[in-house]
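Spelled out, the chains give:
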Amino acid sequence: MGHWSSKGLRGSTLEEMINSTNDKYREQGLALIQKIPTPITPVEIDQKSRHITKAYFEKQSTVDYIGAVQGIPVCFDAKECGKDTFPLMNIHEHQVQFMKDFEKQGGISFIILMFTHKNEIYYLPFKDVLAFYERGENGGRKSFTYDEIDISYLISQSSGVLVHYLEQLQKDIISRDEQD
């Protein structure tokens, strides 16, 4: 279980680490995953430099990443949490709906969640995300805790790959096949 800070990554965000991982996966021919840019609406543009000086985020973005791994469509979101409780308000309804629709089309959806205070990163299978989300929607807790996640989905570092999530994706696929 590698500690992320021991590799000199204290200043790196989870997103930067995933982007680096996706670059390595592409170079190795393992996967093609793209970061989906957050849509913005420009409000003010500096006419001389043609730079956007003021804008707002459009709230209906989908997920952070989308692509294919060895012919399997995947989409996922990256989240960070600084304590043992993750508020479900950080996973938006339209994201859950997109992931649900993506799964109906034969794709695999998941969340990569970093507990920054523990220096641990986990793969959350969509079935778990959906169970937590639906519990909150049905009057239950509007969060989930570190103790509730499946710690066997801990993501490790491996040979220069910072967030080696393909191993956990494979585990998710195998568990889905066993349930069918």
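Notes on the structure in this doc start here. Keep in mind it's a predicted model, so treat the numbers as computed, not measured. Here the residue index of a chain counts from 1 through its sequence in written order. Under the rules for a predicted model, residues below a pLDDT of 70 receive no local features and side-chain atom pairs below 80 are neither given nor counted, while totals for whole chains, interfaces and linings still include all residues. Excluded from the side-chain calculations are hydrogens and water; all other atoms, namely the structure's heavy atoms, are used.

**Some remarks on the side chain of Ser109**
Then, number 1: Following the sequence through the fold, Ser109 ends up in strand 7 (residues 108-115).
Then, number 2: Burial classes follow relative accessibility: with a 1.4 Å probe on protein chains only, a residue under 20% of its type's maximum area counts as buried, one over 50% as exposed, and anything between as partly exposed. For Ser109, a relative accessible area of 0% translates into the label buried. Secondary structure elements are taken from DSSP: a helix is a run of H or I of four residues or more, a strand is a run of E of two residues or more, and numbering for both begins at the N terminus.

**Considering the environment of Arg26**
Then, number 1: Mapped onto the fold, Arg26 is located in helix 1 (residues 14-27).
Then, number 2: By relative accessible area, Arg26 is classed as partly exposed at 47%.
Then, number 3: Taking C-alpha positions, Arg26 is 13 Å from Ile66, a pair spaced 40 residues apart along the chain.

**Re unusual backbone geometry**
Then, number 1: At Arg50, a residue that is not glycine, the phi angle is positive and equals roughly 65°.
Then, number 2: Along the chain, Arg50 falls in the loop between strand 2 (40-46) and strand 3 (51-57).
Then, number 3: One non-glycine residue, Asn119, adopts positive backbone phi at about 55°.
Then, number 4: Mapped onto the elements of the fold, Asn119 is located in the loop between strand 7 and strand 8 (120-125).

**Concerning the pattern of salt bridges**
Opposite charge on two side chains lets them pair, provided their charged atoms get close.
Then, number 1: Criterion for a salt bridge: a side-chain nitrogen of Lys or Arg within 4 Å of a carboxyl oxygen of Asp or Glu. A full pass over the atoms with the stated rule returns nine salt bridges.
Then, number 2: For Asp23, the salt bridge is made with Arg26, and the minimal N-O distance between the two is 3.3 Å. Here Arg26 and Asp23 lie together in helix 1, a separation of three residues that amounts to about one turn.
Then, number 3: In this structure Asp23 comes out as partly exposed when scored by relative accessible area, which is 35%.
Then, number 4: In this structure, a network of salt bridges that share partners links the residues Glu103, Asp172 and Arg176.

**So, helix 2 (residues 93-104)**
Then, number 1: With twelve residues, helix 2 should cover 16 Å at 1.5 Å per step; its first-to-last C-alpha distance of 17 Å lies within 8% of that length.
Then, number 2: Two residues qualify as a contact provided that any one of their heavy atoms is within 4.5 Å of a heavy atom in the partner residue. Structurally, helix 2 contributes buried residues whose contacts are with strand 4 (65-69), strand 5 (72-81), strand 7, helix 3 (126-137) and helix 4 (166-179). Expected helix span is computed as 1.5 Å times (number of residues minus one).

**Considerations on a nonpolar patch on the surface**
Then, number 1: A patch consists of residues exposed above 30% relative accessible area that lack any salt bridge, with like charges linked at up to 9 Å and nonpolar side chains (Val, Leu, Ile, Met, Phe, Trp, Tyr) linked at up to 5 Å. Accessibility throughout is a Shrake-Rupley quantity obtained with a 1.4 Å probe, and a residue counts as covered only by protein chains that appear here. Taken together, the side chains of Ile40, Ile45 and Ile52 present a nonpolar region at the surface, about 250 Å² in accessible area.
Then, number 2: By secondary structure assignment, the location of Ile40 is in strand 2.
Then, number 3: For Ile40, a relative accessible area of 39% puts it in the partly exposed group.

**Quick look at the packing of helix 2 against helix 3**
Then, number 1: Orientation is described by axes fitted as lines to C-alpha atoms, over the contacting stretch for helices, and by angles from 0 to 180 degrees between their N-to-C directions. Two elements in contact, helix 2 and helix 3, have axes whose closest approach is 11 Å; the angle formed by their N-to-C orientations is 140°. The angle between helix 2 and helix 3 falls in the class oblique. Handedness of the crossing formed by helix 2 with helix 3: left-handed. For the pair helix 2 and helix 3, contact is made by Glu93, Val96, Met99, Lys100 and Glu103 and by Phe126, Leu130, Tyr133 and Glu134, respectively.
Then, number 2: Of the residues that constitute the contact of helix 2 with helix 3, the class distribution is five nonpolar, no polar and four charged. These descriptions rest on fixed angle ranges, namely under 35 degrees for roughly parallel, over 145 for roughly antiparallel, 65 to 115 for roughly perpendicular, and the rest for oblique. It is the rotation of the near helix from the far one that decides the hand of a crossing: anticlockwise by less than a right angle makes it left-handed, clockwise makes it right-handed. Residues are grouped as follows: Ala, Val, Leu, Ile, Met, Phe, Trp, Tyr, Cys and Pro are nonpolar; Asp, Glu, Lys and Arg are charged; every other residue, Gly included, is polar.

**Points about the packing of aromatic side chains**
Then, number 1: Aromatic pairing here means that ring centres of Phe, Tyr or Trp (its six-membered ring) are within 6.5 Å. Orientation follows from the plane angle: under 30 degrees is stacked, over 60 is edge-to-face, and everything else is tilted. Counted according to the given criterion, the structure contains 13 aromatic pairs.
Then, number 2: Judged by centre distance (4.7 Å) and plane angle (15°), the ring pair of Phe76 and Phe110 falls under stacked. On the criterion of sequence distance, the pair formed by Phe76 in strand 5 and Phe110 in strand 7 is long-range, its members being 34 residues apart.
Then, number 3: Using a relative accessible area of 0% as the deciding quantity, one classes Phe110 as buried.
Then, number 4: Three or more aromatic residues joined by ring pairs form one cluster here, namely Tyr25, Tyr65, Phe76, Phe110, Tyr123, Tyr153 and Tyr165.
Then, number 5: A cation over a ring is seen here: Lys118 above Tyr146, with NZ or CZ 4.3 Å from the ring centre. The criterion is that NZ of a Lys, or CZ of an Arg, lies within 6 Å of the ring centre and within 35 degrees of the ring normal, and then a charge sits over that ring.

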